[in-house]
Amino acid sequence: MPMFRSAKYRLYPSKGQARTMDQILERCRLVYNEEVEMCRKAYEADGRFPSRESIQDYCDYVLKLDDPGLDEVCPCCLEDVSRRVSRAFGKFRSMLGGGTEPKLPSSKGPDRYTSFTYPRCKGSVSIREGGAWFQGIGTVKCIMHRPIEGAPVSCTLSRSPVGKWYATVSFITNIASESSPSTDGKGPVGIDLGLYNLAVFSDGTVFDNKKLYESMMGEMKGIQKKMERFSPDSPDHERYRRRLDHLFEHYNNRMSDEMHKRSKDVVEAYSMIALEDLRVEKMIRGYRTREGRRSQSTAAWRTFVEMIEYKAARAGVDVVFVNPRGTSQMCSGCGLYVPKGVGVRMHECPQCGLRMDRDLNAAKNILRIGLGMQASVPGNRNSRIPI
């Protein structure tokens, strides 16, 4: 079965290559802003948006005449810029009539436009061990920590806030060639996600929440206080801002590493995984305090679930998403509905006498619902039931 995958590689450009990449990125950003402004004016004039072909023609026949430097940029990169603009206004159009008036797409500053894409690799990109060739840039030193296991489709070059460059290659592979799931695993499992513990499994396994963001908050606040002493355009302010960027990058790397390791352990240990189908954005908006919203947004539930989902698809492991409503209140022993507040950590059933941690009780309910869903539709992989 064909499957889209991607691999991210670190690039080590020379100073001249880094300047060229920065120039390409800046020109793509300026083209993006000009095309967005053109679409905004067209919408304000007659309430209609230009098509993607019209946006591309505006770049080819208007912007390129005004800026001859755009001829140095790969044409397919500018084509992808027009595609991004068309996609942004398409999303705006789909949100109209939803009760609230969405905001029109706006121009992006240098800190918000951080990547450009080669939508077609053939003739534009060639990545091999030791170096990667890009049209308009040349051969850049590249560390290939894993092979590209298929036909490359597109390649995106991105610049991190601290100035590091990465190449993300998307390719098509056949998951039939991946290793089949082991039959000597622990069988099916239900997983309840939380804030006190990242995940509680129906077999009693617990992944604790290391709260990496909270551990760096003290250092982050110290840097921010020092930044406030200087004007935004001073060298000292820029120095502390870069220190803050490095700190956030360190946090993101630690979090990504932790989620990759834990999701890999889950997929290798179980033959079927039942997860909660959470609406994280809606849950975050439901918190009244800033601390509650921050704790929920930094728990990395979505990242953890997405990594389990795509790793399971590669390994041939079934993933079932169930409605989480009532899973913490329902008794996993007898099915009695036992209401309890968020602060109550123990589940105690007055009917059957079952007493256990509320998250473990919820995980057992999630597993029961997931098994019933899987049995009702045999061979149903990576499926969801709506909330």
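Quick caveat: nothing in here was measured; it's all calculated off a predicted structure.

Undergrad: I would appreciate a short explanation of the environment of Asp245 in the present structure.
TA: Along the polypeptide, Asp245 turns up in helix α5 (residues 235-269). A relative accessible area of 15% places Asp245 in the buried class. In sequence terms Asp245 and Gly163 are 82 residues apart; their C-alpha atoms lie 9.8 Å from each other. Once you skip the residues sitting within four places of it in the chain, Asp245 turns out to touch Pro161 and Val162.

Undergrad: Looking at this structure, how should I read the side chain of Thr327?
TA: On the secondary structure map, Thr327 appears in the loop between β12 (318-322) and β13 (346-348). In this structure Thr327 comes out as buried when scored by relative accessible area, which is 2%. Of the polar contacts made by the side chain of Thr327, one reaches the backbone oxygen of Pro324; its length is 2.8 Å. Residues in contact with Thr327, not counting those within four places in the same chain, are Glu276, Asn361, Ala362, Asn365, Ile366 and Ile369.

Undergrad: How do you make sense of helix α4 (residues 212-227) when you look at a structure like this?
TA: An α-helix turns once per 3.6 residues; consequently, residues spaced three or four apart project the same way. For α4, built from 16 residues, the straight-helix expectation of 22 Å at 1.5 Å per residue is met to within 8% by its first-to-last C-alpha distance of 23 Å. Within α4, the axis deviates most sharply at Gly218, by approximately 40°. If you check which residues of α4 are buried, you get Leu212, Tyr213, Met216, Met217, Met220, Ile223 and Met227.

Undergrad: I tried to follow helix α3 (residues 75-95) on my own but got confused; where do I start?
TA: Over its 21 residues, α3 extends 31 Å from the first C-alpha to the last, a length consistent with the 30 Å expected when each residue adds 1.5 Å. Those residues of α3 hidden inside the fold are in contact with α1 (15-46), α2 (52-66) and β2 (115-118). Directly after α3, the chain includes Gly97, whose backbone phi takes a positive value near 80°.

Undergrad: Is there a simple way to explain the packing of α5 against helix α8 (residues 301-315) in this structure?
TA: The description of two helices packed together rests on the angle between their axes and the distance between the axes. Running from N to C, α5 and α8 point in directions that differ by 45°, and their axes come no closer than 9 Å. Judged by the inter-axis angle, α5 sits oblique to α8. For α5 against α8, the interelement crossing comes out right-handed. Along the contact surface, α5 presents Ser256, Met259, His260, Arg262, Ser263, Lys264, Val266 and Val267, while α8 presents Thr303, Phe304, Met307, Ile308, Tyr310, Lys311, Ala312 and Ala315. Classifying every residue of the contact of α5 with α8 by side-chain character gives nine nonpolar, four polar and three charged.

Undergrad: For this particular structure, what's the right way to read the nonpolar core?
TA: Grouped together as the largest cluster of nonpolar side chains are 44 residues, with contacts concentrated most on Phe116, Tyr118, Phe134 and Leu157. With near-sequence residues (within four places) excluded, Phe116 lies in contact with Met21, Ile24, Leu25, Cys28, Cys77, Arg84, Ile137, Cys155, Thr156, Leu157 and Trp165. Core analysis: the second largest hydrophobic core is formed by 37 residues, Met217, Leu244, Val266 and Phe321 among them.

Undergrad: How should I be thinking about the environment of Ala300 in this particular structure?
TA: When you line up the elements, Ala300 lands in the loop between α7 (290-297) and α8. Residues Ala300 and Ser256 lie 44 residues apart in sequence; the distance between their C-alpha atoms is 9.3 Å. With sequence-adjacent residues up to four places away left out, Ala300 is seen in contact with Met255 and Met259.

Undergrad: Just checking my understanding: could you explain the packing of aromatic side chains for this structure?
TA: To describe a pair of aromatic rings, one takes the distance between the centres and the angle between the planes. The final tally for this structure, using the stated rule, is twelve aromatic pairs. Judged by centre distance (6.0 Å) and plane angle (25°), the rings of Tyr118 and Phe134 are stacked. Remark: Phe134 occurs in strand β4 (residues 130-134) and Tyr118 occurs in strand β2; sequence separation between them is 16 residues. We classify Phe134 as buried; its relative accessible area is 0%. Consider the rings of Phe201 and Phe207, whose centres lie 4.9 Å apart with planes at 70°: the pair is edge-to-face. When its relative accessible area of 1% is taken as the criterion, Phe201 is described as buried. In this structure Phe207 comes out as buried when scored by relative accessible area, which is 14%. Joined through ring pairs, the aromatic side chains of Tyr43, Phe49, Phe89 and Phe92 make up one cluster. Stacked on the ring of Tyr166, the Lys or Arg Lys8 has its end atom at 4.7 Å from the ring centre.

Undergrad: Could you clarify how one ought to interpret the environment of Ile127 in this entry?
TA: Within the fold, Ile127 resides in strand β3 (residues 125-128). Separated by 17 residues in sequence, Ile127 and Met144 have C-alpha atoms that sit 8.6 Å apart. Ignoring anything within four residues of it in the chain, the contact list for Ile127 reads Ala132, Cys142, Met144, Ile148, Cys155 and Val169.

Undergrad: Just to check I follow, could you spell out the pairing of β4 for this structure?
TA: Along a regular strand, successive side chains alternate from one face of the sheet to the other. Of the strand pairs in this sheet, β3 and β4 are connected by four bridges, and their pairing is antiparallel. Across the sheet, the residue bridging to Ile127 is Ala132, located in β4. Counting the residues in the hairpin turn of β3 and β4 gives one residue. Note that β4 and strand β5 (residues 138-143) share five bridges and pair antiparallel. By the bridge assignment, Phe134 is partnered in β5 with Gly138.

Undergrad: I tried to follow the sheet that holds strand β6 (residues 151-159) on my own but got confused; where do I start?
TA: The strands that make up a sheet are held in pairs by hydrogen bonds between backbone atoms, and each pair lies either parallel or antiparallel. Strand order in the open sheet made by the seven strands is β2-β6-β7-β1-β5-β4-β3, with antiparallel pairing throughout. Two strands close off the open sheet at either side, each with one partner strand: β2 and β3. Across this sheet, the average inter-strand angle for adjacent strands is 30°, counted without regard to direction. Where β6 and strand β7 (residues 165-174) come together, eight bridges link them in antiparallel fashion. Bridging from a neighbouring strand, Ser158 pairs with Tyr166 of β7.

Calculation rules
- Residues numbered from 1 in each chain as written.
- Predicted model: local features only at pLDDT ≥ 70, side-chain atom pairs only at ≥ 80, totals over all residues.
- Heavy atoms only, no water.
- Helix = DSSP H or I, 4+ residues; strand = E, 2+ residues; numbered from the N terminus.
- Buried < 20%, exposed > 50% of the residue type's maximum accessible area, 1.4 Å probe, protein only.
- Contact = heavy atoms within 4.5 Å.
- Polar contact = N/O pair within 3.5 Å; in protein donor to acceptor, adjacent residues only side chain to side chain.
- Expected span 1.5 Å × (residues − 1).
- Bend = angle between axes of the 7 residues up to and from the residue.
- Axes fitted to C-alpha atoms, helices over the stretch in contact; angles between N-to-C directions.
- Parallel < 35°, antiparallel > 145°, perpendicular 65-115°, else oblique.
- Left-handed = near helix turned anticlockwise from the far one by under 90°.
- Nonpolar A, V, L, I, M, F, W, Y, C, P; charged D, E, K, R; others polar.
- Core = buried A, V, L, I, M, F, W, Y, C linked by side-chain atoms within 4.5 Å.
- Phe/Tyr/Trp six-rings, centres within 6.5 Å; stacked < 30°, edge-to-face > 60°.
- Lys NZ or Arg CZ within 6 Å of the ring centre and 35° of its normal.
- Pairing = 2+ DSSP bridges.

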